Amino acid sequence: MRRWCPRRTWAAMAAAATILGALALAGPAAALNYVYDQNQDVWAVEDAAIPGLDTGSIHNTATGSLQGFGGIRMQVNGAPTTPLLNGVLLRGFGLTYDGVNAFTSHHAVELGGVAVTRTLNINQSGNYARFYDTFTNTSASPVSIEVAFGGQLGYDTGPNQSSVVATSSAAAAPSPADAWVEVATPTSAPQNPSQNGPSAVVLGTPAPFSGALTATGDFLEQPFRRALPTTGDEANAYGYVTHLMLAAGQTKALAHFVVIGLSEVKAPPAGGAVPGPGTQVTAVANEASALSATPDFSGLTTGQLCALSNWSTAAITAAVPGFNASQCMSTHIINVPAPVAADPSATTSSSYDVVGKTIVQELADMKSGVTSSQDIVRAYLDRISAYDGGPLGFHAVIDVNPNAIAEARQADAARAAGDTRPLLGIPVLVKDIYDTSELPTTGGSLVFYGFQPEQDAFLVARLRAAGAIILGKSNLAEFATDGHFSPSAYGQVWNAFDPSKSSIGSSGGSAVALALSMAAASLGTQTGDSLWGPASAASLVSLRGTDGLTSTQGVMPLTYIQDFAGAFTRTVQDQAVVLNAIAASNPNDPTQALGGSGWDGKRPADWSSYLTADALQGKRIGYYTAAFADPFNGTGTSTAMMSEFQYFARAGATVVQIPPPPAPPSLPRTGDFNYEGWLKWIQDHPNSPYQDPGQIINNQLRLPLFRASSPTYAGSGPTTDAQNQAFVTYRQAYQAELAQWMSDNHVDAVVFPGQLSNIHLNDSIQPSFGRLDPQASNAGVPTAIFPAGLNPDGQPDNLQLEGPDYSDPQLLGMAYAFEQVAHGYEQTPFAPALRYDPGSVAPPIDVKPAPVSTTVAPSATDKPSAPASPSATKALPTAKLVAGPWLRKGALVLRFSCKSTKGSCRFVLRLAIRGKAAFTLELVTVAAGKKRTLVVKLTPAMRRKLTAHKHTKLVVLLVPISGSAVATLRTTVALTR
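From a predicted model like this one, the values you see are computed outputs, not experimental measurements.

Student: Pulling in residues and values, what's your account of the overall build of the chain?
Tutor: On a plain count of helices and strands, the chain comes out with 19 helices and 40 strands. Nonlocal contacts in the chain, meaning residues at least 24 apart in sequence, comprise 73% of its contacts between residues at least 6 apart. Here the chain has roughly 32300 Å² of accessible surface; of this, 54% comes from carbon and sulfur atoms.

Student: Describe the packing of aromatic side chains, with residues and values.
Tutor: Within this structure, the stated rule accounts for 30 aromatic pairs. Between tryptophan 599 and tyrosine 806 the ring centres are 5.1 Å apart and the planes differ by 80 degrees, which places this aromatic pair in the edge-to-face class. With a gap of 207 residues between them, tryptophan 599 in the loop between helix H11 (590-595) and strand S27 (620-623) and tyrosine 806 in the loop between strand S31 (796-802) and helix H18 (808-822) connect regions that are remote in the sequence. Taking relative accessible area as the criterion, tryptophan 599 reaches 1% and is therefore assigned buried. An angle of 55 degrees between the planes, with centres 6.3 Å apart, marks the rings of phenylalanine 645 and phenylalanine 648 as tilted. Within the aromatic cluster, the residues linked to one another by ring pairs are Tyr623, Phe628, Phe645, Tyr647, Phe648, Phe786 and Phe818. A cation over a ring is seen here: lysine 602 above tyrosine 806, with NZ or CZ 4.0 Å from the ring centre.

Student: With reference to specific residues and values, describe the state of the cysteines.
Tutor: What is meant by a disulfide is a covalent connection between two cysteines, made through their sulfur atoms. Evaluation of the coordinates by the stated rule reveals 1 disulfide. Between the sulfur of cysteine 306 and that of cysteine 328 lies a disulfide, 1.8 Å long from S to S. What sets the handedness of the cysteine 306 and cysteine 328 disulfide is the S-S torsion sign, and at about -75 degrees it is left-handed. Of the two residues, cysteine 306 is situated in helix H2 (residues 302-307) and cysteine 328 in the loop between helix H3 (313-319) and strand S17 (339-341); the sequence distance between them amounts to 22 residues. Using a relative accessible area of 17% as the deciding quantity, one classes cysteine 306 as buried. On the basis of relative accessibility, which here comes to 23%, the residue cysteine 328 falls in the partly exposed class.

Student: For the environment of glycine 232, give the residues involved together with the corresponding values.
Tutor: Secondary-structure assignment places glycine 232 in the loop between strand S14 (215-218) and strand S15 (237-246). For glycine 232, the contacting residues outside a window of four places in its chain are Asp156 and Gln161.

Student: Pulling in residues and values, what's your account of helix H12 (residues 636-643)?
Tutor: The complete set of buried residues in H12 reads Thr637, Ser638, Ala640 and Met641. Projected down its long axis, H12 shows its buried positions confined to an angular sector of 160 degrees, all on one face. Structurally, H12 contributes buried residues whose contacts are with strand S29 (749-753), strand S30 (783-790) and S31.

Student: Outline the pattern of salt bridges, supporting the account with residue identities and numerical values.
Tutor: Oppositely charged side chains are able to pair whenever their charged atoms sit close together. Using the criterion set out here, one finds 17 salt bridges in the structure. With a shortest N-O distance of 2.5 Å, lysine 501 and glutamate 221 are connected by a salt bridge. Of this pair, lysine 501 sits in the loop between strand S23 (491-492) and helix H8 (508-515) while glutamate 221 sits in the loop between S14 and S15, and the two are 280 residues apart along the sequence. Judged by its relative accessible area of 9%, glutamate 221 falls in the buried class. A salt bridge links glutamate 478 to arginine 702; its shortest N-O distance comes to 3.2 Å. Taken as a pair, glutamate 478 in the loop between strand S21 (469-474) and strand S22 (487-488) and arginine 702 in the loop between helix H15 (693-697) and helix H16 (721-744) lie far apart in primary sequence, 224 residues in all. For the pair glutamate 478 and arginine 702, a shared accessibility class is recorded, and that class is buried. Overlapping salt bridges, with partners in common, bring together Asp218, Arg226, Glu234 and Asp793 in one network.

Student: Describe the side chain of glutamine 575, listing the residues and the values that go with them.
Tutor: The topology assignment puts glutamine 575 in helix H10 (residues 572-582). Of the residues examined, glutamine 575 reaches a relative accessible area of 1% and is grouped as buried. Here glutamine 575 is in contact with Val541, Ser542, Leu543, Ala567, Phe568, Thr569 and Leu812, once residues within four sequence places are set aside.

Student: Just give me the short version of the environment of isoleucine 359, but keep the residues and values in it.
Tutor: Counting through the fold element by element, isoleucine 359 comes out in helix H4 (residues 359-368). Spatially, the C-alpha atom of isoleucine 359 lies 7.1 Å from that of isoleucine 426, the residues being 67 residues apart in sequence. Other than its neighbours up to four places away in sequence, isoleucine 359 contacts Leu423, Ile426, Ala520, Ala521, Asp574, Val577 and Val578.

Student: So what about the pairing of strand S26 (residues 564-569)? Which residues, and what values?
Tutor: As a general feature of sheets, a regular strand has side chains that alternate between the two faces. Among the 6 residues of S26, 6 are classified as buried, and the element is accordingly described as predominantly covered. Relative to S26, strand S24 (residues 521-526) runs antiparallel, the two being bridged by 5 bridges. In the sheet register, threonine 525 faces S26, and the bridge partner there is alanine 565. As defined by bridge partners, strand S25 (residues 541-544) adjoins S26 across 2 bridges and the pair is classed as antiparallel. Across the sheet, the residue bridging to serine 542 is phenylalanine 568, located in S26.

Student: An account of H18 is needed here, citing residue identities and associated values.
Tutor: For H18, spanning 15 residues, the distance from its first C-alpha to its last is 21 Å, which sits close to the expected 21 Å at 1.5 Å a residue. For H18, the buried fraction is high: 12 of the 15 residues fall into the buried class. Asp808, Pro809, Leu811, Leu812, Gly813, Met814, Ala815, Tyr816, Ala817, Phe818, Glu819 and Ala822 are the residues of H18 that are buried.

Student: I'd like a description of unusual backbone geometry, backed by residues and values.
Tutor: The omega torsion of the bond from alanine 207 to proline 208 falls at 15 degrees, within 30 degrees of zero and hence cis. Secondary-structure assignment places proline 208 in the loop between strand S13 (199-202) and S14. For the peptide bond that leads from glutamine 766 to proline 767, omega is -5 degrees, which places it in the cis range. Position of proline 767 among the secondary structure elements: in the loop between S29 and helix H17 (776-779). For asparagine 633, which is not a glycine, the phi torsion comes out positive at approximately 70 degrees. Here asparagine 633 is to be found in the loop between S27 and H12. In this structure, histidine 823 is a non-glycine residue whose phi angle is positive, near 50 degrees. Classification of histidine 823 by relative accessible area gives exposed; the value is 59%.

Student: Requested: an account of the sheet that holds S24, with residues and values cited.
Tutor: If you trace the 11 strands from one edge of the open sheet to the other, you get S19-S21-S20-S24-S26-S25-S30-S31-S29-S27-S28, paired in mixed fashion. The sheet is open, and its two edges are formed by strand S19 (397-400) and strand S28 (654-657), each paired on a single side. Neighbour to neighbour, the strand axes of the sheet diverge by 30 degrees on average, direction disregarded. In the sheet, S19 pairs with S21 via 3 bridges, with the strands oriented antiparallel. Within S21, the residue paired with aspartate 399 across the bridge is lysine 473. Running at roughly 155 degrees to S24, H8 makes contact with S19, strand S20 (427-431), S21, S24 and S26 of the sheet.

Student: Any details on the confidence of the model for the chain? Residues and values, ideally.
Tutor: Put simply, the chain has an average pLDDT of 87, and 84% of its residues get 70 or more. Per-residue pLDDT stays below 50 along residues 1-31; that stretch engages in 164 contacts with residues further than four places along the chain or on separate chains. Low pLDDT, under 50, characterises residues 915-921; the predicted model gives this stretch 32 contacts beyond four residues in sequence or across chains.

Student: How would you summarise the environment of threonine 654 if you had to cite specific residues and measurements?
Tutor: Among the secondary structure elements, threonine 654 is positioned in strand S28. Residue threonine 654 is classed as partly exposed on the basis of its relative accessible area of 41%. Once the C-alpha coordinates of threonine 654 and glutamine 617 are considered, the two residues, 37 residues apart in sequence, prove to be 8.8 Å apart.

Student: Give me the lowdown on the packing of helix H5 (residues 373-387) against helix H6 (residues 404-416), citing residues and values where you can.
Tutor: Their axes nearest at 8 Å, the elements H5 and H6 cross at an angle of 155 degrees. With respect to H6, the axis of H5 lies roughly antiparallel. Of the two elements, H5 crosses H6, and the hand of that crossing is right-handed. Within the contact between the two elements, H5 uses Ser373, Gln374, Val377, Arg378 and Leu381 and H6 uses Ala404, Ile405, Ala408, Arg409, Ala411 and Asp412. Considering only residue class, the contact of H5 with H6 consists of 6 nonpolar, 2 polar and 3 charged.

Cut-offs used in this document
- Residues numbered from 1 in each chain as written.
- Predicted model: local features only at pLDDT ≥ 70, side-chain atom pairs only at ≥ 80, totals over all residues.
- Heavy atoms only, no water.
- Helix = DSSP H or I, 4+ residues; strand = E, 2+ residues; numbered from the N terminus.
- Contact = heavy atoms within 4.5 Å.
- Areas by Shrake-Rupley, 256 points an atom, 1.4 Å probe, with all protein chains shown as cover.
- Phe/Tyr/Trp six-rings, centres within 6.5 Å; stacked < 30°, edge-to-face > 60°.
- Buried < 20%, exposed > 50% of the residue type's maximum accessible area, 1.4 Å probe, protein only.
- Lys NZ or Arg CZ within 6 Å of the ring centre and 35° of its normal.
- Disulfide = S-S within 2.5 Å.
- Arc of directions from axis to C-beta.
- Salt bridge = Lys/Arg side-chain N within 4 Å of Asp/Glu carboxyl O.
- Pairing = 2+ DSSP bridges.
- Expected span 1.5 Å × (residues − 1).
- Axes fitted to C-alpha atoms, helices over the stretch in contact; angles between N-to-C directions.
- pLDDT = per-residue confidence, 0-100.
- Parallel < 35°, antiparallel > 145°, perpendicular 65-115°, else oblique.
- Left-handed = near helix turned anticlockwise from the far one by under 90°.
- Nonpolar A, V, L, I, M, F, W, Y, C, P; charged D, E, K, R; others polar.

This is how it looks when you write it as structure tokens:
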């Protein structure tokens, strides 16, 4: 039998984030590796290191001129079979950073028989980047491909809307006649300065050259079939398309340059005067013009120059005087790294097709003998193996349960013996902030790498008691901190219906895994939008219930009191089945006693009893127009959702327009409820590796975008009982106001949208989608979330029904009645059924070592006084464990040395006992050329663990931090006493 191993693919995030997802441009604290240019602007590069998406695009620049730009999409037109993921945003190059200014592919990514590599060089003195991409036909037949280079340069909110300000041909719009195109985000000021800074793309030799630009497409949606719009949000998604013909075995290459300038309305990142209006636009245009005349091909080999297709021989010769075109063969092959196939071709040994199957269907099929829990679990595991990993995988699952097949076998035996538990043998994935006794719980963070809870979270225990199998842990935004993307230390989740886009956060992994039929249901959480957002993007059902409906005991917190634990399912009926198991009172959960005591005696004995086809008959459903206004000024998605109101009418309801809701009461919340949440979590976890929430909140192993610049906690500390009660009182007062609003307008519920726009690409900045929150999270009232159909671009859209507090069962019944007439659930085409092969053995879900980011988010003290030259080399400071560790008087003693020519070694120390949960973390500084002895104070629990075995093994993990550089040393040592 195949052994299933936990998968830990350490790659991650893109995009600035907050709980509420404010519409704000991100600074340099929101990407992976950083390069400063001469202007002290910061290029944040999406490479393979934590938390990289590995697209090689620029997540953002400090002034916002680039906002997820420089990615490539490839459409393979001549392959024997059309690739499943044809045209998606390419990634998975294994891009490695040299610590100065260059990024190089570790391997090629293969799609449709074409292997693609990427190198990126940032010229710091010229404020530009060179993208060099190769395309190799690995097949025996000619192939035609189209390549789109581009991304996002703004979004449709006033001064952030970009436009073309100059082209080399002086035309108003890009065309094949252009060698370069400049874009800026102007304001309404008379001088028309650039708000976020201008940028220009140097495209190559213009027409009539045969390799010139083919077209300019919509990089967000369909760059090969849809021209770039001239207005609206998608007018910011520039896709410069080039057509290539590849003979068998032939390699061709494209080189693009991207030039950036500073904002003309904001002070430069390094300080100083605001550039004058038009000065940066002119400077960028001049640099682009110079590069088009004499491109920077420094460092390219003769083979790489010969492969260039978008530059003429004359242009190459002008740039490289010694270049001789006669050296180039007609089908010149250059050395490219070995390709990694991106197309899943796996089979399954399970004869049962789980694609789109509901819990109710699977239970019926197991009861009738059509299938078994073993076959169902095997099918899901095979699909995780086929679709989740690899360069174009969805990264929705972090771990799988190594005992899943054995537990399925036990469930089958129990059923045969007459066991009738309601979820017997049903596989469920749970978000990796829920405690699981047989799997690590990390919160998607290196902070808790390997942490093993001693018991299940309350909801997990309830699922097990109902017979469910915990199949594994789903990916998320680290500690549930992002409502727009799902980035963690183990990968960033990709959208199930468009694998170039965001899954939305923070429960993206739970929603995407279910949409890809990798489980029968999944658990998520919501603080702001993290149930309804991911559910909307994945065509799923969920319920954000009235405060206290479910318990958050054993769930890593984002806030105290406001967090809600819930489930994703395919249908409303499945949601009711899961709620029967998880919606229960927990005497050990203080939040239920505070804000949810009103549920006592009100929880349905059977949620399914509310699911009737006439549940909407005679009901009045309210809506107000402003709730359906796309903040990006689009209308396609909102119009589609409002057209879906027809299904309320078909189910017997009347939809009426009502005034907007009342403003919330004054918010008395003054304490740090994130700190309080972690404090309660620590008190509930005797084996916690940390004893103070500040050690978690400001931990330097967090993702850069969620990490405080200082490792020292500077918040307000624990909340008081009075502050906690005041926040509960505020929420209950808001609930009463909303109930009165609905009563005054004579409606039974109010309908709200899911996402209000097309979702943005996964490598872009916040906001990733048009968002308007119902009052559910802020007030603690319920919303039932359910699929309604598709928007004009084929993206799923959901609706939400909000009702008064404790109307949760009635709302679920209305959602069921809507579902019966709308049939809004959609199945993604990007994860079809696997081919059945009874003798097949799918590859294991392997452990993959984590590449630790080679930089940390730069702070004011980290910024270099001057940018490094492009040819400079950097010797990274390295720390070394030279003696110990020893146990001495209840403390752990270790001795380190620092080898450095660039200053002291600053590093984060992490210790793990016998390869399992790490129990401490400290920031340490050792002077260059010196040694330092560190004494780590031990708690009684730590001492017990260290003395439990005669020869306890410690794993010492050093993450040295020096300036903006990070390296990693992991040493296994035996503890001596």
